[in-house]
Number of protein chains: 2
Amino acid sequence: MGSSSNHLKRPTIHDVAREAGVSKSTVSRVLNNRGYASPETIARVEEAVADLNYIPQASARGLVSQQTNTVGFAVNDLSSLFMPPLLSSIESTIRTAGYKMLIATVGHQAESASDLPLGPHNTDGLVAFADAYSNRQIIQFCEQGYPVVLLHRSPPAGVECPCVNIENTSSTRALINHLIRVHHKRRIVFLRGPKDQQDSLEREEGYRQALEENDLAVDPALIAVGGFNADIAEQATHELLDASVPFDAVFAGDDEAAVGVIRALRDRSLSVPEDVAVVGFDDDYRAADIDPALTTVSVPFDEIGEEAAQALISYIEHGHITSKVVSTEVVVRRSCGC
Amino acid sequence: MGSSSNHLKRPTIHDVAREAGVSKSTVSRVLNNRGYASPETIARVEEAVADLNYIPQASARGLVSQQTNTVGFAVNDLSSLFMPPLLSSIESTIRTAGYKMLIATVGHQAESASDLPLGPHNTDGLVAFADAYSNRQIIQFCEQGYPVVLLHRSPPAGVECPCVNIENTSSTRALINHLIRVHHKRRIVFLRGPKDQQDSLEREEGYRQALEENDLAVDPALIAVGGFNADIAEQATHELLDASVPFDAVFAGDDEAAVGVIRALRDRSLSVPEDVAVVGFDDDYRAADIDPALTTVSVPFDEIGEEAAQALISYIEHGHITSKVVSTEVVVRRSCGC
DNA sequence: CTGAAAGCGCTAACAG
DNA sequence: CTGTTAGCGCTTTCAG
């Protein structure tokens, strides 16, 4: 491997030292401005650095300092629509703090340890999205004292670990209440997200609470799986229709799924919101522009990303462990009937 | 920095060697399966590795091997809607090839070299999106023999460098021809993307060619800046309307801008496509679901990402330099009048 | 088949 | 204020 054509050897600190007529340690000192150095020495070193176009090698620094100045971001799927704001805010926050960002999609399976994609061997800490890492792995990280911040999930029992979550239950309750009280919907479908995902569980809880509050029974026939995914939700909607389960509204679990539900409904010549109201969760990029404009719950992904990144940095640098639940808010548009 | 609570020291190769009763070199050999080792030695080492939960430290490996097994992806903006498929395909391709992915947004300004976010000091190569890096920097990378693959842009004059681009001109020409020939549009606005961006330039060229082909003059009053951005495009549309420039169609430059154009038109009580046809470029996530469904040009971002990643890997590992133009295709929906 | 020894590029005491 | 001296954890000749 690594046999490209013309590899000009990159200059080392030694070359800079020679060029500037000083020792390596002096060069190191001025580069990290640690300790004093005479103004003219500094100038000579800086000139040599510029001349040779010298940049210190990250692995050499990392080896001696035992820090990578890199943080990881582990996700299950990079292609979700809320990733752009999330990634963008995390990246900019950690960059401002002087770190680099290593990204990996983690399949929850490849945990043969030997090829852990992100961990203490290559990062100073990481943000773990939802169920990218297993409980076992998270516990192990915590016990090792390796900084991890959980995103969209809570710590496993018994470990203390910073996390940032969103408010799911009460906003879902408000959303469903709107459907029931304002639009007089009675048979509301709920589409679950991926199995055991905390957001999905909490949204289901909000759904149940709203029904209860209004003395509506929870009909198991109205609960299906949308997987936070348009295709799965589209399919699920068709199945509900095929089974002749009567319903007058759908809470799709998230916006992605809502798009699938709307497609299926249209396909069956049902109109939204007249025949069936559809609501989502996330208020993603497209929510305001699709037809009909989607009633949903807005989630400030950029704020979440910034909080998570900030929490990680403060954990890494000061050992502070801080958690946060960011609030969300119902956004009423046309798809609910308004 | 780095003073978290309870840092249990991670095991080193030395600990594994002691635990397994062999030397460090033997452990290294079995871990990288280089050279022979007796089956029982292998077993003992593997057991020790598992027991101690040992993972080799990336910087130590990198220092000695002079490879990081990491590639960079440099973008100007992580929050674009085509990032998810692009990131996802790049990440999965390079992960399959055994690399990690370091991501950075590069502001084209912070090139004080000393803090180059991605470069030979921390990666084995990188994919550079559009104008994330300046010509000067790209040339320097090439001269150093540092592998760079350009995405959505061509190499600066004089350097040879793999790149993957999309077909802009002919698909734009086809798109505009459709507006002219099928829908009899005569005054078609073109909204430029970011200054000097190659995609924007090529799309403008396609626009001009189509007009010429149909003996229509290019009216400078119909060319404005949409910046590949909804807000800017919305604003630009309002300005055109305010200036009473007559037009019957808009090619927004990309889908993002098209959404902004549609918003502005609606705001002025103009109907799309009846009063004004609107077309975009990219066929992003929302294009099919907005109102009206957007006529656009579909761009296979996942294919592009995979090609770029593949090109980079083959450059890094074999020194092969291969370029590619991926083809795009007009997708006719409702917003053009169909 | 395995161990000893050297060194990757850098930083961090410690003297001067 | 600056140079000398040790390593950081790992891979890799080179002997055995």
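Residues numbered from 1 in each chain as written. Chains lettered and ligands numbered in written order. Predicted model: local features only at pLDDT ≥ 70, side-chain atom pairs only at ≥ 80, totals over all residues. Heavy atoms only, no water.

*Asks:* Where do I start with the pairing of strand E1 (residues 70-75) of chain A in this structure?
*Replies:* Within a regular strand, side chains alternate between the sheet's two faces. All names here are of chain A. Of all six residues making up E1, six are buried, and the element is well covered by its neighbours. Because side chains alternate across E1, one face comprises the buried residues Thr70, Gly72 and Ala74, and the other comprises Val71, Phe73 and Val75, equally buried. One ladder, built from six bridges, connects E1 with strand E2 (residues 100-105); its direction is parallel. Note on E2: the bridge partner recorded for alanine 74 is alanine 104. Between the parallel pair E1 and E2, the chain is carried across by helix H5 (residues 83-96), and the sense of this crossover is right-handed. (Buried < 20%, exposed > 50% of the residue type's maximum accessible area, 1.4 Å probe, protein only. Helix = DSSP H or I, 4+ residues; strand = E, 2+ residues; numbered from the N terminus. Pairing = 2+ DSSP bridges. Right-handed = clockwise from strand over helix to strand, strands pointing away.)

*Asks:* Any chance you could explain the protein's contact with DNA strand D here in plain terms?
*Replies:* Surrounding DNA strand D, one finds 25 residues, the nearest of these being Ser25, Arg29 and Thr41 of chain A together with Ile13 and Tyr54 of chain B. Sugar and phosphate atoms represent 59% of those atoms of DNA strand D found within 4 Å of the protein. Note that a phosphate oxygen of DNA strand D is positioned 2.9 Å from one of the backbone N or O atoms of serine 23 of chain A. Here a phosphate oxygen of DNA strand D sits 2.6 Å away from a polar atom, N or O, in the side chain of arginine 61 of chain B. Listed by contribution, the elements that provide at least two residues to the surface near DNA strand D are helix H2 (24-31) and helix H4 (58-65) of chain A together with helix H2 (24-31) and helix H4 (58-65) of chain B. (Near = heavy atom within 4 Å. Polar contact = N/O pair within 3.5 Å; in protein donor to acceptor, adjacent residues only side chain to side chain.)

*Asks:* Please clarify how the packing of aromatic side chains should be interpreted in this entry.
*Replies:* Here the distance between the centres and the angle between the planes together describe a pair of aromatic rings. Enumeration according to the criterion identifies 12 aromatic pairs over all chains in this entry. Ring geometry for tyrosine 133 of chain B against phenylalanine 141 of chain B: centres 5.6 Å apart, planes inclined by 75°, an arrangement best described as edge-to-face. For the pair formed by tyrosine 133 of chain B and phenylalanine 141 of chain B, the shared burial category is buried. Positioned above the aromatic ring of phenylalanine 281 of chain A is the side chain of arginine 203 of chain A, whose terminal nitrogen or guanidinium carbon lies 3.7 Å from the ring centre. (Phe/Tyr/Trp six-rings, centres within 6.5 Å; stacked < 30°, edge-to-face > 60°. Lys NZ or Arg CZ within 6 Å of the ring centre and 35° of its normal.)

*Asks:* I keep staring at the protein's contact with DNA strand C and nothing clicks. Help me out?
*Replies:* The local shell around DNA strand C holds 26 residues, among which Ile13, Tyr54 and Arg61 of chain A together with Arg29 and Thr41 of chain B are the closest. Each atom of DNA strand C within 4 Å of the protein was assigned to sugar, phosphate or base; sugar and phosphate come to 63%. A distance of 3.0 Å separates a phosphate oxygen of DNA strand C from a polar atom in the side chain of serine 28 of chain A. With respect to DNA strand C, the backbone of glutamine 57 of chain A contributes an N or O atom lying 3.2 Å from a phosphate oxygen. Of all the elements in the fold, those that place two or more residues in the surface near DNA strand C are H2 and H4 of chain A together with H2 and H4 of chain B. It is H2 of chain A that provides the largest number of residues to the surface near DNA strand C, a total of four residues. Its residues placed into classes, the surface near DNA strand C shows 10 nonpolar, 11 polar and five charged. (Nonpolar A, V, L, I, M, F, W, Y, C, P; charged D, E, K, R; others polar.)

*Asks:* How should the nonpolar core be read in this particular structure?
*Replies:* In summary, soluble globular proteins display a tendency toward joint burial of nonpolar side chains. Phe73 and Leu86 of chain A together with Phe73 and Leu86 of chain B are the most contacted members of the largest nonpolar core, which has 142 residues in total. Once residues within four sequence positions are removed from consideration, phenylalanine 73 of chain B is found in contact with Met83, Leu86, Leu87, Ile90, Met101, Leu102, Ile103, Ala104, Leu118, Val127, Phe129 and Leu151 of chain B. Counting 40 residues, the second-largest nonpolar core is a separate cluster that includes Leu116, Ala128 and Cys163 of chain A together with Ile138 of chain B. (Core = buried A, V, L, I, M, F, W, Y, C linked by side-chain atoms within 4.5 Å. Contact = heavy atoms within 4.5 Å.)

*Asks:* Got a minute to help me understand the pairing of strand E4 (residues 148-151) of chain A in this structure?
*Replies:* Residue and element names in this part refer to chain A. Neither face of E4 is open: one carries Val148 and Leu150, the other Val149 and Leu151, and all of them are buried. Relative to E4, strand E3 (residues 126-129) is paired through four bridges, and the arrangement is parallel. Counterpart to alanine 128 in the pairing with E4 is leucine 150. Chirality of the crossover, the property in question, places the unit of E3, helix H6 (residues 135-144) and E4 among those that are right-handed. In this structure, E4 lies alongside strand E5 (residues 163-166), joined through two bridges in parallel fashion. Its bridge partner being in E5, leucine 150 is matched across the sheet by cysteine 163.

*Asks:* Looking at this structure, I do not really get the sheet that holds strand E7 (residues 223-225) of chain A. What am I missing?
*Replies:* As a general point, the strands of a sheet are linked pairwise by backbone hydrogen bonds and lie either parallel or antiparallel. All names here are of chain A. Pairing in this open sheet of four strands is parallel, and the strands run E7-E6-E8-E9 from one edge to the other. In this open sheet, the two strands that pair with only one neighbour each are E7 and strand E9 (277-279). The average undirected angle you get between the axes of adjacent strands in this sheet is 20°. Relative to E7, strand E6 (residues 188-192) runs parallel, the two sharing three bridges. Along E7, the bridge assignment pairs leucine 191 with alanine 224. Against the sheet, helix H7 (residues 169-182) makes contact with E6, strand E8 (249-251) and E9, and its axis sits at roughly 175° relative to E8, the strand it touches most. (Axes fitted to C-alpha atoms, helices over the stretch in contact; angles between N-to-C directions.)

*Asks:* Where do I start with H2 of chain A in this structure?
*Replies:* Along an α-helix, residues three or four apart share an orientation, since each turn contains 3.6 residues. Residue and element names in this part refer to chain A. Among the residues of H2, Thr26, Val27 and Val30 are the ones counted as buried. Projected down its long axis, H2 carries its buried residues within an arc of 100°, all on one side. Each element contacted by the buried residues of H2 is listed here: helix H1 (13-20) and helix H3 (39-52). (Arc of directions from axis to C-beta.)

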